[in-house]
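Residue-level structure breakdown
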2 protein chains.
Amino acid sequence: MKNLVKTLKSKKCKITPQRLAIYNIIKNSHDHLNVDAIYKKLASDYPTISLATVYKSLELFAQLGLVQVINVGENSFRYDANPKSHPHLVCTSCLTVLDLDETLFPSLTSSVESSTKYKITRQQLCFFGICPDCLELESSSTLTTSS
Amino acid sequence: MKNLVKTLKSKKCKITPQRLAIYNIIKNSHDHLNVDAIYKKLASDYPTISLATVYKSLELFAQLGLVQVINVGENSFRYDANPKSHPHLVCTSCLTVLDLDETLFPSLTSSVESSTKYKITRQQLCFFGICPDCLELESSSTLTTSS
DNA sequence: GTACTTGCAAATATTTTGCAGTTAC
DNA sequence: GTAACTGCAAAATATTTGCAAGTAC
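Below is a short write-up of the structure. All of these numbers come straight from a predicted model, not from anything done at the bench. (Residues numbered from 1 in each chain as written. Chains lettered and ligands numbered in written order. Predicted model: local features only at pLDDT ≥ 70, side-chain atom pairs only at ≥ 80, totals over all residues. Heavy atoms only, no water.)

Description of the overall build of chain A
As a reminder of what qualifies: Helix numbers and strand numbers start at the N terminus; a helix is a DSSP run of H or I with at least 4 residues, a strand a run of E with at least 2. The atom set for the radius of gyration is the C-alpha atoms, and the globule formula is 2.2 Å times the number of residues raised to the power 0.38. Exposure categories follow from relative accessible area, calculated using a 1.4 Å probe and restricted to protein chains: below 20% of the type maximum is buried, above 50% is exposed, and the middle band is partly exposed. A contact between two residues is defined here by any heavy atoms of the two lying within 4.5 Å. Each accessible area is a Shrake-Rupley result for a 1.4 Å probe, and residues are judged covered by the shown protein chains and nothing else. Charged residues are defined narrowly, with Lys and Arg counted positive, Asp and Glu counted negative, and His plus the chain ends left uncounted. Charge coordinates come from a single atom per side chain, which is NZ of Lys, CZ of Arg, CG of Asp or CD of Glu.
Summing up its helical and strand segments, chain A has 6 helices and 5 strands in all. Expected size for 147 residues packed as a compact globule is a radius of gyration near 15 Å; at 19 Å, chain A overshoots this value by more than 25%. A principal-axis box enclosing the C-alpha atoms of chain A has dimensions of 60 × 50 × 25 Å. Within chain A, the fraction of its 147 residues that count as buried is 39%. Considering only contacts within chain A whose residues lie at least 6 apart along the sequence, 45% involve residues at least 24 apart. Within the structure as shown, chain A displays about 8300 Å² of accessible surface, and the carbon and sulfur contribution to it stands at 55%. Of the charged side chains in chain A, 16 are positive and 13 negative, and the gap between their average positions amounts to 16 Å.

Listed below in structure tokens is the structure:
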């Protein structure tokens, strides 16, 4: 939060309740919410907030490097309060998106740069699979339906 | 193309000129086109084809495992005639999307599986950067504007 | 006080759907 | 001949924009 306030001030952007609320929601969710989910979470505290405000705030945050926009193959974007590019792990069953530790994959960028002539600025690693909870549900439902 | 015909037949799907044309376009483009680009490429040969047909055909191809749907953080999807999951390289300047050789990154999946309890089914690696052509343009325009 | 911000409504973009007419087989 | 497919138009979904009213500073 201090980071948000400091960055907004330094760019002469105003510190509004809406912006604080939106940033808080992203910051405090382990999952990576999309605009709609953020909007719905705001609904109880800010019944009159508009989707446009959520979009505008998120775009500002992204420009200021406060959040990262991620896309895991859905037709909507999700937002991550950690602006540093890092790998994500998607459960294709319950659709949650977790962070992974980047240190699992050292020096991917440099191997791409050396084998192509590209100057790499960013990478997006995304793994799709089934989380332990869903795996368990799956196996128990298999037992049920097979009876 | 033989692959397309064989797969369509085996699933009792009809082999229509539209489907052949759409598949051809994806297959023959080094870049990874989105629906709009495919539709525009079709325009000269099939002036009456509809966007809906392009969408429906691509969805069918994806379901049959003939193409891969990719998303590199745009708000539209691109299509790849190589259905095997493999890394992509995006030039953020000219917006082309190239394939990378998967062998550059061995055993990513297994290291994710061993460090989480997830069962990984698919991965998407995407590197963003500037291609050699755009790098060159950039440096020459810098020289020009700085004069 | 004023420049920035919000919230609404309308616009735009992408994708999906329903259905009547057409076509591959 | 018929089930599958196409093309159109309308709907659904996601995002952006213009602008009048409101608010942080």
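Having seen it, we continue.
Some thoughts on the protein's contact with DNA strand D
In plain terms, the rule: We call a residue near a molecule or strand when any one of its heavy atoms sits within 4 Å of it. Residues adjacent in sequence count toward polar contacts only when both atoms are side-chain atoms; beyond that, a polar contact is any pair of N or O atoms within 3.5 Å, and within protein one must be able to donate a hydrogen and the other to accept it. Note that Gly is not counted as nonpolar here; it falls among the polar residues with everything else outside the nonpolar set of Ala, Val, Leu, Ile, Met, Phe, Trp, Tyr, Cys and Pro and the charged set of Asp, Glu, Lys and Arg.
Lining the immediate surroundings of DNA strand D are 20 residues, of which Y55(A), T16(B), Q18(B), R19(B) and K56(B) lie closest. Taking F77(A), its main chain carries an N or O atom lying 3.2 Å from a phosphate oxygen of DNA strand D. Listed by contribution, the elements that provide at least two residues to the surface near DNA strand D are α4 (51–63) of chain A together with α2 (17–28) and α4 (51–63) of chain B. In the surface near DNA strand D, the residues fall into 8 nonpolar, 7 polar and 5 charged.

A look at unusual backbone geometry
All names here are of chain A. The backbone of K12 shows a phi angle near 55°, a positive value even though the residue is not glycine. Structurally, K12 can be placed in the loop between α1 (2–10) and α2 (17–28). One non-glycine residue with positive phi stands out, namely L95, at about 65°. As for its position among the elements, L95 is in the loop between β3 (88–91) and β4 (97–99).

A word on the relation of the copies chain A and chain B
The condition is simple: Least squares is used to superpose the copies, and the fit set is the C-alpha atoms of residues whose pLDDT is at least 70 in both copies.
By a simple turn and slide, chain A fits onto chain B: the slide is 0.1 Å along the axis, the RMSD is 0.1 Å, and the turn is 180°. Taken together, these values place the two copies in the relation of a two-fold axis. Every residue of chain A has its C-alpha some distance from the rotation axis, and the shortest such distance is that of L125(A), at 2.3 Å. A high fraction, 100%, of the interface residues of chain A reappear at the interface in chain B, so the copies pair face to face through one surface.

Quick word on the sheet that holds strand β5 (residues 119–130) of chain A
What counts here: A pair of strands is labelled paired if DSSP reports no fewer than 2 bridges between them. Between N-to-C directions, angles span 0 to 180 degrees; the directions come from axes that are lines fitted to C-alpha atoms, helices contributing only their stretch in contact.
The strand order β4(A)-β3(A)-β5(A)-β5(B)-β3(B)-β4(B) describes an open sheet built from 6 strands, whose pairing is mixed. What marks the edges here is a single partner per strand, and that holds for β4 of chain A together with β4 (97–99) of chain B. The mean angle between the axes of side-by-side strands here comes to 25°, regardless of whether they run parallel or antiparallel. Where helix α5 (residues 108–115) of chain A meets the sheet, its contacts fall on β5 of chain A together with β3 (88–91) and β5 (119–130) of chain B, and the angle it forms with β5(A) comes to roughly 125°. In the packing of helix α5 (residues 108–115) of chain B onto the sheet, the strands contacted are β3 and β5 of chain A together with β5 of chain B, and the crossing angle to β5(B) comes to about 125°.

Side note on the protein's contact with DNA strand C
Looking at DNA strand C, there are 21 residues lining it, with K14(A), T16(A), R19(A), K56(A) and Y55(B) nearest. The sugar-phosphate share of atoms of DNA strand C within 4 Å of the protein amounts to 73%. For DNA strand C, a phosphate oxygen lies 2.6 Å from a polar atom in the side chain of T16(A). The separation between a phosphate oxygen of DNA strand C and a polar main-chain atom of T48(A) is 3.1 Å.

So, the interface of chain A and chain B
For clarity, the threshold we go by: Two parts placed together each lose some accessible area under a 1.4 Å probe, and the buried area is that loss summed for both. The salt bridge definition used is simple: a Lys or Arg side-chain nitrogen within 4 Å of an Asp or Glu carboxyl oxygen.
The interface is formed by 36 residues belonging to chain A together with 36 residues belonging to chain B. Summing both partners gives a buried area of about 3000 Å² for chain A against chain B, and 70% of it is carried by carbon and sulfur. Contact with chain B buries surface across chain A, with Y118(A), F127(A) and F128(A) losing the most and accounting together for 23% of the total. Linking chain A with chain B are 0 salt bridges. Among the secondary structure elements, those contributing two or more residues to the side of chain A that touches chain B are β3, α5, β5 and α6 (132–145) of chain A. Looking at the side of chain A that touches chain B element by element, the count peaks at 12 residues for β5(A). Tallied by class, residues from the side of chain A that touches chain B come to 20 nonpolar, 12 polar and 4 charged.

Comments concerning the pairing of β3(A)
Residue and element names in this part refer to chain A. Of the two faces of β3, the one holding H88 and V90 and the one holding L89 and C91 are both buried throughout. Two strands pair when backbone bridges link them, and β3 and β4 are joined in this way by 3 bridges, in the antiparallel orientation. Within the sheet, the bridge partner assigned to V90 lies in β4 and is V97. Turn length for the β3-β4 hairpin, with the two strands adjacent in sequence and antiparallel, is 5 residues, and the turn residue L95 shows positive phi of about 65°.

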